[in-house]
Amino acid sequence: MIPLSYYLVLSGILFVCGVLGFLIKRNIITIFMSIELMLNGVNLSFVAFAAQWHALSGQVFVFFVMVVAAAEAAVGLAIIIAVYRTRETLNVDRVNLLKL
Amino acid sequence: MTPNPYLWLVPILPLAGAAINGFLGRRSSKKSISAVALVFCGAAFAMALFLAAGFSSTQAPYYFDLAHWIRSGSFQVDFSFYLDQLSLVMLLVVTGVGFLIHIYSVGYMWDDDGYYRFMSYLNLFMFFMLTLVLAKNYLVMFIGWEGVGLASYLLIGFWFTKDSAAAAGKKAFIVNRIGDFGFLIALFLIINHFHSLDFPTVFQAVAPLTSETAGAGFLTAIGLLLMVGAAGKSAQIPLYVWLPDAMEGPTPVSALIHAATMVTAGVYMVARSHVIFERAPMALTVVAIIGTLTALFAATIGIAQTDIKKVLAYSTVSQLGYMFMACGVGAFSAGIFHLMTHAFFKGLLFLAAGSVIHGVGGEQDMRKMGGLRQYMPVTFVTMGIATLAIAGIPPFAGFWSKDEILWQAFGTSWVYWLIGVITAFITSFYMFRLMYMTFGGEYRGSASDPGHSAHGHAAHGHDAHGHGHGDPHESPWVMLGPLVILAVLSVFGGFVGHGNRFEHFLAPVFQQGANVIAQETSDAGKSTEYLLMVISISVAGLGWLLAWLLYSRRPQLPARIAASLGGLYQAVVHKYYVDEIYAAVFVKPLIEGSTTILWHGVDQDVIDATVNNSATAAREVSDAARQMQSGNLRSYAGWVAAGGAVVIAYMVWMGVTH
């Protein structure tokens, strides 16, 4: 059996990749994907713990997260399309109407 | 104690006049303004006469409680009025002389733009002065005390567009504050010890106390503090400096407030508090010494003044010194007697001086007068009578009262008497000097000089007089009438005191609990009294003779004498540099201390700096915090990540320590 720590390290790596992508990338789609990556990194740690301790609550939680992520994807993509239509770009640095 | 419901009407009547003229006077004709002012002031005088007519020594003192004022536990102060022999004398003097001066003012101030304002202020002054005189407790007296100070301020600075007048008003007000400070503390001490400010209550509580001969107790403290207040109001050393400057006001004001009535308030207050003073011999001695020194000091300054009103101002200070000398030796009734005769002849002197100033077109410098006798005969005769009265020539009023004071002073100590006699000599000298310089010789003014407004004094408002000033001329009868009446009073006013009648009249007031000082000093004998009388008369005659010699017979002599005296003469001309000393010792350090420490130090560097620096600090912190809100999506993301990291780090750390 693969030890729990492996899962957790992978989960951490995925999450950090998500954070870095979120901070570094300029393309709004990529940022969105980075958020999904962070969520799934967390999901992985949930299921790993659930399998380790034979507790179903972790897996139930993952379903909830996936539902929220799906809803978020629906809303987020709609926003991205709206932004692209008005500004004709997906570069977040150019989306700066609120900047001082 | 008899209630008398008419008492409160006396002060209220002039207040009504002041209110009507003050609110409506701007749009009224001068005739109606005069009518209002004279009717209400005259009504107060009529009320005073009515009260005097119904006055009976067996029923006195009268009182009337108008309204409650302060109720705090067992301590209470009411708006209540009080009339005994002492306040009756004051009442008649204030309303009588006040009414005459109101009449005179109609003529004197007729051409002034602020006529309604002047009449309103005069009535206001009457209200406060009558409140002061008729008060039944120290606090109502204090209302009047402060109120006359206010009226005095307003009237000194009546021509407020002139810098010197505005400054003189402020000086009078500020110097009086020092005195009022002492008065207030005395009141607090009285409250502390007697739980009342009511005159009868306080004096009944004081009466059984023994005299503080061995040491200085609280009665001495109260007495000294009351004297501080009296010295401020009545222009005694060291607070006399405001009175000569107060001559910036219109001359009727100088006559009414700064000669006849307000400045005597201090004497009245000391006489009113005689029960306290009699049990504090040390305070009484201080009163006598201050009075005696002031009498001599001010009289010597009067010698060298050339402004006709300044001479009279220093003369007033000097005569007030006599009154305090009388109070200080326990002869309160003699002091009040002199107060009354002084109100007559000094009021007359000022009004006559006003008539002279009016006649020569606003000139106040006696060196530019002279020879006015032929131009202004009525003014000359009346002022001459007043001069004889103040110099102490019998049978004029001043002789009786001054002689009474000197006689009583001799009974206490020959030093007081000697200084008093020297002062009497100087008084006689400077008054006859004034007469000779003003009325004797040839007219030294430039009769047809159209530019006499350039003299500076003409800015006094007199240049506003419609008539051109050619030769000096006599004043109208509305001004001369009061002069004549006061002249009659100055001649016959002294006979009130003949055979100690005045003293016997006031005896119920001053013998109330007077177990300390024997009033009659009969041991010295009648022959001594007559000898002293002869000395004071001959001294007055000597002063007259000297003035005649120097200013009529050999008019070139005074300049030579002045030159030979050199520094001493200069010191007298400059009023012993007292104003300069006060400026250097008190005013300048105060201004500099206020500027460097209070203004630049405390106000700018502490208070303003606290406010300004906290505002600056808030702005700088906000400036730094604003950097987070860059509008850049990725920097927001960075802050979210950083915030998340902080929260996680905190939770991990807390988890570790628990």
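Basis of the calculations
Residues numbered from 1 in each chain as written. Chains lettered and ligands numbered in written order. Predicted model: local features only at pLDDT ≥ 70, side-chain atom pairs only at ≥ 80, totals over all residues. Helix = DSSP H or I, 4+ residues; strand = E, 2+ residues; numbered from the N terminus. Buried ≥ 20, exposed ≤ 12 C-beta atoms within 10 Å, placed from the backbone. Contact = placed C-beta atoms within 7 Å. Axes fitted to C-alpha atoms, helices over the stretch in contact; angles between N-to-C directions. Parallel < 35°, antiparallel > 145°, perpendicular 65-115°, else oblique. Left-handed = near helix turned anticlockwise from the far one by under 90°. Nonpolar A, V, L, I, M, F, W, Y, C, P; charged D, E, K, R; others polar. Pairing = 2+ DSSP bridges. Expected span 1.5 Å × (residues − 1). Bend = angle between axes of the 7 residues up to and from the residue. Core = buried A, V, L, I, M, F, W, Y, C linked by C-beta atoms within 7 Å. pLDDT = per-residue confidence, 0-100.

1. Overview of the overall build of chain A
- Scanning chain A for helices and strands turns up three helices and zero strands.
- Across its three principal axes, chain A shows a C-alpha extent of roughly 50 × 25 × 20 Å.
- Burial analysis of chain A (100 residues in total) assigns 10% to the buried set.
- Once local pairs closer than 6 in sequence are excluded, the contacts in chain A between residues at least 24 apart make up 50%.

2. With respect to the packing of helix H13 (residues 281–304) of chain B against helix H18 (residues 414–439) of chain B
Residues and elements named next belong to chain B.
- Interaxial distance between H13 and H18 falls to 9 Å at its minimum, and their mutual angle equals 25°. Viewed along their axes, H13 and H18 adopt a mutual orientation that is roughly parallel. For the pair H13 and H18, the crossing hand works out as left-handed. In this structure, H13 uses Ala288, Thr292, Ala295, Leu296, Ala299, Thr300, Gly302 and Ile303 to contact H18, whose residues at the interface are Tyr416, Ile419, Gly420, Ile422, Thr423, Ile426, Thr427, Phe429 and Tyr430.
- A breakdown of the residues in the contact of H13 with H18 according to their chemical character gives eleven nonpolar, six polar and no charged.

3. What to know about the environment of A:Thr89
Residue and element names in this part refer to chain A.
- Within the secondary structure, Thr89 is located in the segment after helix H3 (57–87).
- Residue classification places Thr89 among the partly exposed residues on the basis of 14 C-beta atoms within 10 Å.
- Each C-alpha atom of the pair Thr89 and Val75 lies 18 Å from the other, and the pair is 14 residues apart in sequence.

4. Digging into the pairing of strand E2 (residues 62–72) of chain B
Residues and elements named next belong to chain B.
- Here two bridges tie strand E1 (residues 2–3) to E2, and the two strands are oriented parallel to one another. Among the inter-strand pairings, Pro3 is bridged to a residue of E2, identified as Tyr63.
- Bridge count for E2 against strand E3 (residues 75–83) is nine bridges, and the pairing is antiparallel. Within the sheet, the bridge partner assigned to Tyr63 lies in E3 and is Tyr82.
- The hairpin formed by E2 and E3 contains two residues between the paired strands, and Gly73 there has a positive phi angle of roughly 65°.

5. Quick notes on helix H6 (residues 163–194) of chain B
Residue and element names in this part refer to chain B.
- In this model H6 runs 46 Å from its N-terminal to its C-terminal C-alpha over 32 residues, within 8% of the 46 Å that 1.5 Å per residue would give.
- Its axis deflected by about 25° at Ile178, H6 carries its strongest bend there.
- For H6, the complete set of buried residues consists of Ala165, Ala168, Gly169, Lys171, Ala172, Val175, Asn176, Gly179, Phe183, Ala186, Leu187 and Ile190.
- Elements in contact with the buried residues of H6: helix H5 (138–156), helix H7 (199–206), helix H8 (218–233) and helix H9 (242–245).
- Following H6 by one or two positions, His195 has its phi on the positive side, about 55°.

6. Details of the environment of A:Ala73
- Within the fold, A:Ala73 resides in helix H3.
- Sequence spacing of A:Ala73 and A:Asp93 is 20 residues, and the spatial spacing of their C-alpha atoms is 21 Å.

7. Here's the deal with the sheet that holds E2(B)
- Taking strand neighbours across the sheet as the criterion, the three strands line up as E1-E2-E3 (chain B) in an open arrangement whose pairing is mixed. Edge positions in the sheet fall to E1 and E3 of chain B, since each of these pairs with one other strand and no more.

8. Notes on the nonpolar core
Residue and element names in this part refer to chain B.
- Formed by 209 residues in total, the largest nonpolar core has its most connected members in Phe125 and Val287.
- Among the elements that make up this core, the one with the highest residue count is helix H15 (residues 332–359) (17 residues).
- In this structure, Phe125 is in contact with Val148, Ala151, Leu155 and Ile257, ignoring residues within four places of it in sequence.

9. A word on the confidence of the model for chain B
Residue and element names in this part refer to chain B.
- Here chain B averages 88 in pLDDT, and 93% of its residues register 70 or above.
- Taken together, the stretch residues 448–468 has pLDDT below 50 and engages in 27 contacts with residues farther than four places along the chain or on a different chain.
- Low confidence marks residues 515–519, where pLDDT is under 50. Its contacts with residues over four positions away, or in another chain, come to five contacts.
- Model confidence for the complex: the whole-complex pTM is 0.80, and ipTM, which rates the interface, is 0.71.

10. What about unusual backbone geometry?
- Note that the residue after B:Ile237, namely B:Pro238, is joined by a cis bond; omega there is 5°.
- Across the junction of B:Pro394 and B:Pro395, the peptide omega takes the value 5°, indicating a cis bond.
- Tracing the chain through its elements places B:Pro395 in the loop between helix H16 (377–391) and helix H17 (397–412).
- Within the chain, A:Glu88 stands out as a residue other than glycine whose phi angle is a positive 55°.
- According to the C-beta neighbour criterion, A:Glu88 is exposed, with 8 such atoms within 10 Å.
- The phi dihedral of B:His195 is positive, around 55°, even though this residue is not glycine.

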